[in-house]
Amino acid sequence: MAVVHEREPVTEILRTMAVDDDVCGELVRAARAHSPEVARLTEAESRSHVTAMIRAAGEWFATFDGVEQQDFTAALLLGADRAGQGVAMTAVLRGVQAGLGRALEITVERCRAAGVPDGTLLGVVLRLHEYGAAIERHVINGYRAAERATPHESAEVRTNVLRRLLVGGVVPSPLEMAGAGMRPGGGPHHCVVADAGGPAAERLLTDRLSGLGAVSGLIEGRPAGLCRRMPGIEEMGASALVVVSPAAPLEEIRPLYRLCVRAVDIGVRQGRQGLYELTDFAAEIALADQPLLGSHLSRRLLGALDESDAFHRQLAVTALTFLDNGRRLDQSATALFTHPNTVRYRLGRLQQITGHPLTDLASGPLAEPLSTLHWWWALTTWLRQDPEPL
């Protein structure tokens, strides 16, 4: 029982090491110094794996469970990543062993400084050797699994895991997500959904996402993926419509995916292209969820318009363009390829027919932003209705 009580300071030491930048830096430098192939990779990439494995060591020592019951996702992912980067297995193991050896040295130094008895310290060393051996086995397993997978098989695995994560089905296990290139618990991800307009453009867009380190594939017929950072417009290209969600943990990503799909559907109807944040579509998604209320608002403000009358539809298009251009006559006229006086005339006619002023929005019972929103909602709803057949 003495070991159980005395392991508490050791657990705290390991947890402190996991968040100590200097310690992580030392382990990374040890790995890079003993493995030139690893040294050619970025230091930040090695640091992320080191941090995850030290944190896991602290959690494992706290539970005192057997090695087989622990989560070695970080080690599996390290092996798979290095295989994909073409680093030789022997070089990977040299780096891992050097890092583990330095971690053990620092742990012993800090335990002695904390007054941990030698008898307990011997047990700590044996436990950490056991943990290090398990790390090596899982790095090898991850490496070999990545070697066995063909590019086609790897793409199928990624798409399958991504589909289950975003759409539904059995939630992928941490091991499956790691095999697909995701880091469970490794921080938030942006969800990306796009409409590229054709198979060739879809493949190009999926390749671009993969180039950003995203896990991507065709989900429900559209390119979709998860990436750790917000992509730039120059990386996605201007010809496709791309919607990116705010960053969120993987367990919260599914509802964001559905919202991104809604945004892409809206953007396609509007003929939009380029990169948009999901929040750019916030009002349109919210209003689309209340079609009945939109219909009643449309009848209230535009009930006097005839859907089958081409001139009435022209008036509605002009009014919507006027609102979309900040109620600027000159910009509205440019968008409609007409003269500002023509826009002014049509807005006047709309007021005469409907009995409601559009240009003087602040004169009604509602504040101007709400009145503008109501008009925009009513006009959008009215214009989406199919005209009655003559």
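Residues numbered from 1 in each chain as written. Predicted model: local features only at pLDDT ≥ 70, side-chain atom pairs only at ≥ 80, totals over all residues. Heavy atoms only, no water.

Within an unreviewed UniProt entry, the label attached to the chain reads Helix-turn-helix domain-containing protein, and the organism entered is Streptomyces tauricus.

### Structural notes on the overall build of the chain
Cut-off, in case you're wondering: Labels follow the DSSP assignment, with helices taken as runs of H or I lasting at least four residues and strands as runs of E lasting at least two, numbered in each case from the N terminus. Each residue gets one of three labels from its accessible area relative to the maximum for its type: buried under 20%, exposed over 50%, partly exposed in between, using a 1.4 Å probe on protein chains only.
A count of helical and extended segments in the chain gives 18 helices and five strands. Residues classed as buried in the chain amount to 43% of the 390 residues present.

### Examining the nonpolar core
Heads up, the rule is: Here, nonpolar core refers to any group of buried Ala, Val, Leu, Ile, Met, Phe, Trp, Tyr and Cys residues whose side-chain atoms link them within 4.5 Å. Contact criterion: two residues are considered in contact whenever any of their non-hydrogen atoms come within 4.5 Å of each other.
Leu-166, Val-193, Leu-226, Ile-253 and Tyr-257 are the most contacted members of the largest nonpolar core, which totals 27 residues. Among the secondary structure elements, those contributing two or more residues to this core are α8 (151-166), β1 (190-195), β3 (222-227), β4 (241-244) and α12 (253-269). By residue number, the principal contributor to this core is α12, which donates eight residues. Beyond its immediate stretch of four places on either side in the chain, Leu-166 contacts Cys-191, Ala-224, Leu-226, Ile-253, Arg-254 and Tyr-257. The next biggest cluster of nonpolar side chains, apart from the first, holds 23 residues, and it includes Leu-302, Phe-322, Val-343 and Leu-383.

### Observations regarding the packing of helix α15 (residues 310-324) against helix α18 (residues 368-384)
Heads up, the condition is: All axes here are fitted lines through C-alpha atoms, helices being fitted over the stretch that makes contact, and every angle between N-to-C directions spans 0 to 180 degrees. Throughout, the term roughly parallel applies to angles under 35 degrees, roughly antiparallel to angles over 145, roughly perpendicular to angles from 65 to 115, and oblique to all others. Put simply, a crossing is left-handed when the front helix is turned counterclockwise from the back one by less than a right angle, and right-handed when it is turned clockwise. Gly is put with the polar residues, along with every residue not named as nonpolar or charged; the nonpolar set is Ala, Val, Leu, Ile, Met, Phe, Trp, Tyr, Cys and Pro, and the charged set is Asp, Glu, Lys and Arg.
Running from N to C, α15 and α18 point in directions that differ by 140°, and their axes come no closer than 10 Å. Taken together, the axes of α15 and α18 lie oblique to each other. Relative to α18, the crossing made by α15 is left-handed. Each of His-312, Arg-313, Ala-316, Val-317, Ala-319, Leu-320, Leu-323 and Asp-324 in α15 lies in contact with α18, whose residues at this interface are Thr-372, Trp-375, Trp-376, Leu-379, Thr-380, Trp-382 and Leu-383. Within the contact of α15 with α18, the residues separate by chemical class into ten nonpolar, three polar and two charged.

### Some words on the sheet that holds β4
We count it as follows: Any two strands between which DSSP finds at least two bridges are classified as paired.
Sheet architecture is open: five strands sit in the order β2-β3-β1-β4-β5, paired in mixed fashion. Edge positions in the sheet fall to β2 (215-219) and β5 (274-277), since each of these pairs with one other strand and no more. Neighbour-to-neighbour, the strand axes of the sheet open up by a mean angle of 20°, direction not taken into account. Two elements, β1 and β3, share four bridges in a ladder whose sense is antiparallel. Each residue of the ladder has a partner; that of Val-193, found in β3, is Ala-224. In the packing of α12 onto the sheet, contacts are made with β1, β2, β3 and β4, and the angle to β1 comes to roughly 25°.

### Details of the side chain of Thr-380
Selection criterion: Pairing of N or O atoms within 3.5 Å defines a polar contact, subject to two protein rules: one partner must be a possible hydrogen donor and the other a possible acceptor, and residues neighboring in sequence count only if both atoms are side-chain atoms.
Within the secondary structure, Thr-380 sits in helix α18. A polar side-chain atom of Thr-380 sits 2.8 Å from the main-chain carbonyl oxygen of Trp-376.

### What about the state of the cysteines?
Simply put, the disulfide is a covalent bond whose two ends are the sulfur atoms of two cysteines. Convention followed: Put simply, a disulfide is two cysteine sulfurs that come within 2.5 Å.
Here the structure, examined in full by the defined rule, presents zero disulfides. Cys-191 forms no disulfide, and the closest cysteine sulfur to it belongs to Cys-260, at a distance of 4.5 Å.

### Topic: the pairing of β2
Burial analysis of β2 places four of its five residues in the buried class, the great majority of the element. In terms of strand pairing, β2 meets β3 through five bridges, oriented antiparallel. Looking at β3, one finds that Ile-219 is bridged to Arg-222. Between β2 and β3, which pair antiparallel and follow one another directly, the connecting turn spans two residues, one of which, Glu-220, has a positive phi of 55°.

### With respect to the pattern of salt bridges
The line we're drawing: Salt bridges are defined by distance alone: a side-chain nitrogen of Lys or Arg within 4 Å of a carboxyl oxygen of Asp or Glu.
Inspection of the entire model under this criterion finds eleven salt bridges. Its salt-bridge partner being Glu-37, residue Arg-94 comes within 3.3 Å of it at the nearest N-O pair. One end of the pair, Arg-94, is in helix α6 (residues 89-113); the other, Glu-37, is in helix α3 (residues 36-39), with 57 residues separating them in the sequence. Among the residues examined, Arg-94 registers a relative accessible area of 35% and is labelled partly exposed. Judged by its relative accessible area of 25%, Glu-37 falls in the partly exposed class. Here Glu-109 and Arg-102 are joined by a salt bridge, their closest N and O atoms 3.8 Å apart. Taking the relative accessible area as the measure of exposure, Glu-109 reaches 46% and is therefore partly exposed. Put simply, Glu-26, Arg-102, Glu-105 and Glu-109 are held in one network by salt bridges that share partners.

### Description of unusual backbone geometry
Its identity as a non-glycine residue notwithstanding, Arg-327 has a phi of 60°, on the positive side. Within the fold, Arg-327 resides in the loop between α15 and α16 (329-336). Exposure remark for Arg-327: the relative accessible area of 29% places this residue in the partly exposed category. A positive phi angle, near 55°, is found at Phe-337, a position not held by glycine. Tracing the sequence through the fold places Phe-337 in the loop between α16 and α17 (340-354).

### Regarding the packing of α15 against α16
Two elements in contact, α15 and α16, have axes whose closest approach is 9 Å; the angle formed by their N-to-C orientations is 125°. Considered as vectors, α15 and α16 are oriented oblique to each other. Along this stretch, α15 crosses α16, giving a crossing that reads as right-handed. Contacts between α15 and α16 involve Val-317, Thr-318, Thr-321 and Phe-322 from the first element and Leu-329, Ser-332, Ala-335 and Leu-336 from the second. When its residues are assigned to classes, the contact of α15 with α16 shows five nonpolar, three polar and no charged.

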